[in-house]
Amino acid sequence: MKSSLWKWNTRTVVTIGIGGALYGATSWIGIPIAPDTQLRPAIALLAIFGALFGPIVGFIAGFIGHVINDLITSGTVWWGWALGSGITAAFMGLIYLAKDFNAQEGQMKKNHVAWFVVYGIVGIFVSLAFSGYFDILVMGEPNDKIAIQVISAGLANLAVFLILGLPAVLAYVKRNRNNSNLSVDR
Amino acid sequence: MSQASGLYVAGDSFFHRMDGAVKLILLLIWTVVTFLFMDLRVFAVMLAVGVSMLLLARVPFRKMALLFWALTIFTVVNSVFILLITPRFGTTLTESDTPLIPLGYDTVNTETLFYVLTLSFKYLTLLPITLLFIFTTHPSRFAASLHKLGVSYKLAYAVSIAFRYIPDLTKEFRTILNALQMRGLGISRGDGTLLQRARNLTQAVVPLLQSSLQHIESVSDAMDLRGFGTKPQRTWYMGKVMTEGDKLIALLCVILLAVGIWLKRSLFPGFWYPFG
């Protein structure tokens with residue numbers, strides 16, 4: 001059963017908490033690709049939590065996780081980028097709203113995969129555009145430098161999403177499909 | 001719940017006793033005020049105030065050194081790249097151009113150098129207050145404060161769980177990585193090419209996800225059994241009553257914000273450049 005989007009039961013609360021902790025605990029792993037910009041495999045978790053639990057849980061878990069990671073690794077919270085993590089997860093979670101999509105029960109059709117990829121790509125670039133604009137407006141960073149950071153981070157996140165996030169979600173769905181397709185042996 | 005402490009350092013300074021909600025207000029208003037300006041004088045004053053507050057809290061420097069250096073390196077790298085990518089950016093702010101360091105393809109001018117200095121100070125200004133917040137606020141007490149500020153207790157509890165499970169999940173993640181390494185699928189330098197190491201890391205995703213989903217199951221069952229979420233309100237074991245002093249500090253924070261906005265509108269509207 002997919003639970004409703006707005007109803008918060010205990011599981012929702014715990015999922016946000018653990019999702020945030022997981023994202024926060026693994027975000028330190030990264031390969032530097034541009035000035036103060038890293039390829040972070042943890043981006044895949046945003047896709048996974050979005051697809052499994054929906055955009056709201058994804059947004060809050062991504063935001064909390066990013067803030068925690070900033071607090072324990074850099075001593076300053078980069079609010080624009082933290083919101084960006086949330087926005088990415090929210091977009092990727094849009095697939096959760098598709099009518100007959102259900103990761104928990106292994107229901108995912110071909111067009112769901114296509115939509116998931118589209119949501120992911122749009123989400124990654126919308127969120128980075130937001131984070132970049134935030135830095136230019138609020139921090140007063142130069143446009144050209146931000147453009148380099150945003151584009152390289154976008155390509156990195158895209159790669160992580162397609163190489164790590166998407167296969168992980170597909171593997172999870174497939175595993176659950178096997179469980180639900182058991183038939184009685186006569 | 002000893003693991004819940006995270007970075008928190010126990011102590012009995014003025015800031016340790018201060019209400020968590022007030023500290024959060026202080027952090028947020030401080031951040032907003034910093035965001036408003038692009039003026040070295042403002043940042044110098046704020047940084048001095050921030051550092052003295054940090055000294056007052058008597059957090060051992062050894063604990064903070066790592067974060068201090070992390071931000072310093074971040075800022076230095078950021079500055080160098082701004083100078084390399086946009087060596088004349090300062091001119092767009094000051095409308096003057098004083099060549100300083102030739103780069104070959106372009107010249108770094110004094111304006112940009114001063115701009116980079118100002119930007120670095122802006123980032124550094126945010127550091128002491130953030131350190132103050134994370135080192136003197138107990139995570140459980142922080143959840144109680146969030147609730148006091150009007151955040152729904154379910155959301156506050158989610159934040160609390162996130163802090164609580166970071167150490168557990170980090171341990172779990174390391175165990176998985178060690179298990180993979182034993183099977184020859186390490187992710188450190190020397191375990192193969194970058195691509196190979198990245199591929200090995202992907203092997204860790206599914207087990208980590210599985211164990212987290214199991215965590216979710218057991219934790220939410222445990223909370224359901226204890227009746228979490230049955231009532232519209234709840235109290236907090238770690239919650240405290242705000243004192244008069246706390247309310248005074250909260251008032252000072254609001255005044256700080258008002259002064260910040262007034263200064264921004266009247267005295268320091270834009271980028272300050274003394275040599276122009």
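Just so it is clear, the structure is predicted and the values come from calculations on it, not from any experiment.

Calculation rules
Residues numbered from 1 in each chain as written. Chains lettered and ligands numbered in written order. Predicted model: local features only at pLDDT ≥ 70, side-chain atom pairs only at ≥ 80, totals over all residues. Heavy atoms only, no water. Helix = DSSP H or I, 4+ residues; strand = E, 2+ residues; numbered from the N terminus. Rg over C-alpha atoms; globule rule 2.2 N^0.38 Å. Buried < 20%, exposed > 50% of the residue type's maximum accessible area, 1.4 Å probe, protein only. Contact = heavy atoms within 4.5 Å. UniProt positions renumbered as here; feature names shortened; annotations may be inferred. Pairing = 2+ DSSP bridges. Buried area = accessible area lost by both parts, 1.4 Å probe. Salt bridge = Lys/Arg side-chain N within 4 Å of Asp/Glu carboxyl O. Polar contact = N/O pair within 3.5 Å; in protein donor to acceptor, adjacent residues only side chain to side chain. 1 Å grid on protein atoms, 1.4 Å probe; cavity = no way out; pocket = protein on both sides within 12 Å on 5 of 7 lines; lining within 4 Å. Points joined across faces, edges and corners; volume = space filled by probe spheres on them. Nonpolar A, V, L, I, M, F, W, Y, C, P; charged D, E, K, R; others polar. pLDDT = per-residue confidence, 0-100. Phe/Tyr/Trp six-rings, centres within 6.5 Å; stacked < 30°, edge-to-face > 60°. Axes fitted to C-alpha atoms, helices over the stretch in contact; angles between N-to-C directions. Parallel < 35°, antiparallel > 145°, perpendicular 65-115°, else oblique. Left-handed = near helix turned anticlockwise from the far one by under 90°.

## Digging into the overall build of chain B
When you go through chain B residue by residue, the secondary structure sums to ten helices and two strands. Listing the helices and strands of chain B from first to last along the sequence gives α-α-α-α-α-β-β-α-α-α-α-α. Scaling as 2.2 N^0.38, a compact globule of 276 residues should have a C-alpha radius of gyration of about 19 Å, whereas chain B reaches 24 Å, well beyond that. For chain B, the spread of C-alpha atoms along the principal axes amounts to about 70 × 60 × 35 Å. Within the span of chain B, comprising 276 residues, buried residues form 46% of the whole. Contacts spanning at least 24 positions in sequence make up 73% of the contacts within chain B whose residues lie at least 6 apart.

## As for the UniProt feature "transmembrane region" (unreviewed entry) in chain A
Residues and elements named next belong to chain A. Under the local residue numbering, the UniProt record ascribes the feature "transmembrane region" (unreviewed entry) to residues 12-31, 43-65, 77-97, 113-134 and 146-173. Regarding residues 77-97, the helix share stands at 67% and the strand share at 0%, and the terminal C-alpha atoms are separated by 31 Å. Measuring from the first to the last C-alpha atom of residues 113-134 gives 31 Å, for a span that is 100% helix and 0% strand.

## Some points on the pairing of strand 1 (residues 99-102) of chain B
Residues and elements named next belong to chain B. Bridge count between strand 1 and strand 2 (residues 107-109): three bridges; the pairing is antiparallel. What sits directly across from Ile101, in strand 2, is Val108. Hairpin remark: strand 1 followed by strand 2, antiparallel, with four residues in the connecting loop; positive phi at Gly104, about 100°.

## Some words on the interface of chain A and chain B
Counting from both sides, the interface comprises 50 residues of chain A and, opposite them, 55 residues of chain B. Note on chain A versus chain B: buried area summed over both sides is about 4900 Å², and carbon and sulfur give 78% of it. Among the salt bridges present, the one from Arg11(A) reaches Glu217(B), with a minimum N-O distance of 2.7 Å. For the pair chain A and chain B, the interface holds nine residue pairs in polar contact (both at pLDDT 80 or more). Elements with a contribution of two residues or more to the side of chain A that touches chain B: helix 1 (10-26), helix 2 (43-53), helix 3 (55-73), helix 5 (110-139) and helix 6 (143-180) of chain A.

## Considerations on the layout of surface pockets
Leftover empty space is mapped by rolling, across the atoms, a probe with the size of a water molecule. Computed from the structure, the largest pocket encloses a volume of approximately 950 Å³. The wall of the largest pocket is formed by 36 residues, among which Asp36(A), Thr37(A), Gln38(A), Arg40(A) and Phe74(B) lie closest to the centre. At the level of secondary structure, the elements contributing two or more residues to the lining of the largest pocket comprise strand 1 (31-34), strand 2 (37-39), helix 2, helix 3, helix 4 (79-92), helix 5 and helix 6 of chain A together with helix 4 (61-85) of chain B. Here the residues of the lining of the largest pocket are counted per class, giving 14 nonpolar, 16 polar and six charged.

## Some thoughts on the environment of Val42(B)
All names here are of chain B. Its location among the elements puts Val42 in helix 3 (residues 40-57). In this structure, the C-alpha to C-alpha distance between Val42 and Ile101, residues 59 residues apart in sequence, is 28 Å. Dropping the residues within four chain positions of it, Val42 is found in contact with Phe37 and Phe268.

## Some points on the environment of Thr34(B)
All names here are of chain B. Within the secondary structure, Thr34 is located in helix 2 (residues 20-36). Taking the C-alpha atoms as reference points, Thr34 and Met64, separated by 30 residues in sequence, lie 21 Å from one another. In this structure, Thr34 is in contact with Phe43, Met46, Lys122, Thr125 and Leu126, ignoring residues within four places of it in sequence.

## A closer look at the confidence of the model for chain A
When pLDDT is averaged across chain A, the result is 86; 94% of the residues are at 70 or more. Element-level mean pLDDT values for chain A span from 78 in strand 1 of chain A up to 93 in helix 4 of chain A.

## With respect to the pairing of strand 1 of chain A
With three bridges connecting them, strand 1 of chain A and strand 2 of chain A associate as antiparallel partners. Looking across to strand 2 of chain A, one finds that Pro32(A) is bridged to Gln38(A).

## Some thoughts on empty space enclosed by the protein
Applying the stated rule across the entire model yields five cavities of 30 Å³ or more. By volume, the largest cavity is sized at about 140 Å³. If you trace the largest cavity, you find it lined by Thr26(A), Ile29(A), Pro41(A), Ala42(A), Ala44(A), Leu45(A), Leu164(A), Phe173(B), Leu201(B), Ala204(B), Val205(B) and Leu208(B). Tallying contributions element by element places helix 9 (residues 194-225) of chain B first for the lining of the largest cavity, with four residues. Within the lining of the largest cavity, the residues separate by chemical class into eleven nonpolar, one polar and no charged.

## Section: the packing of aromatic side chains
Aromatic ring pairs are reported here in terms of the distance separating the ring centres and the angle at which the planes meet. All names here are of chain A. A full pass over the atoms with the stated rule returns 22 aromatic pairs over all chains. Ring geometry for Phe63 against Trp79: centres 6.2 Å apart, planes inclined by 35°, an arrangement best described as tilted. Of this pair, Phe63 sits in helix 3 while Trp79 is found in helix 4, placing the two residues 16 residues apart along the sequence. Since its relative accessible area comes to 23%, Phe63 is described here as partly exposed.

## Digging into the packing of helix 3 of chain B against helix 6 (residues 110-136) of chain B
Residue and element names in this part refer to chain B. Two elements in contact, helix 3 and helix 6, have axes whose closest approach is 9 Å; the angle formed by their N-to-C orientations is 25°. One element, helix 3, and the other, helix 6, form an angle in the roughly parallel class. Handedness of the helix 3/helix 6 crossing: left-handed. Two secondary-structure elements touch here, helix 3 through Leu40, Phe43, Met46, Leu47, Gly50, Val51, Met53, Leu54 and Ala57 and helix 6 through Phe114, Leu117, Thr118, Phe121, Lys122, Leu124, Thr125, Pro128, Ile129, Leu131, Leu132 and Thr136. Taken together, the residues of the contact of helix 3 with helix 6 sort by class into 16 nonpolar, four polar and one charged.

## Some remarks on the pattern of salt bridges
A side chain with one charge can pair with a side chain of the opposite charge if their charged atoms come near. Residues and elements named next belong to chain A. Taken as a whole, this structure holds seven salt bridges over all chains when the rule is applied. Residue Lys109 pairs with Asp100 through a salt bridge whose shortest N-O separation is 2.4 Å. Overall, the relative accessible area of 36% leaves Asp100 in the partly exposed class. Close ionic contact of Glu141 with Lys145 constitutes a salt bridge, the shortest N to O distance being 2.6 Å. Grouping residues by exposure puts Glu141 and Lys145 together as buried.

## Quick notes on the confidence of the model for chain B
All names here are of chain B. Residues at a pLDDT of 70 or more form 97% of chain B, whose mean pLDDT is 84. At the level of individual helices and strands, chain B shows its lowest average pLDDT in strand 1, which scores 78, and its highest in helix 3, which scores 90. In the predicted structure, residues 1-5 sits below a pLDDT of 50 and forms nine contacts with residues beyond four places in sequence or in another chain.

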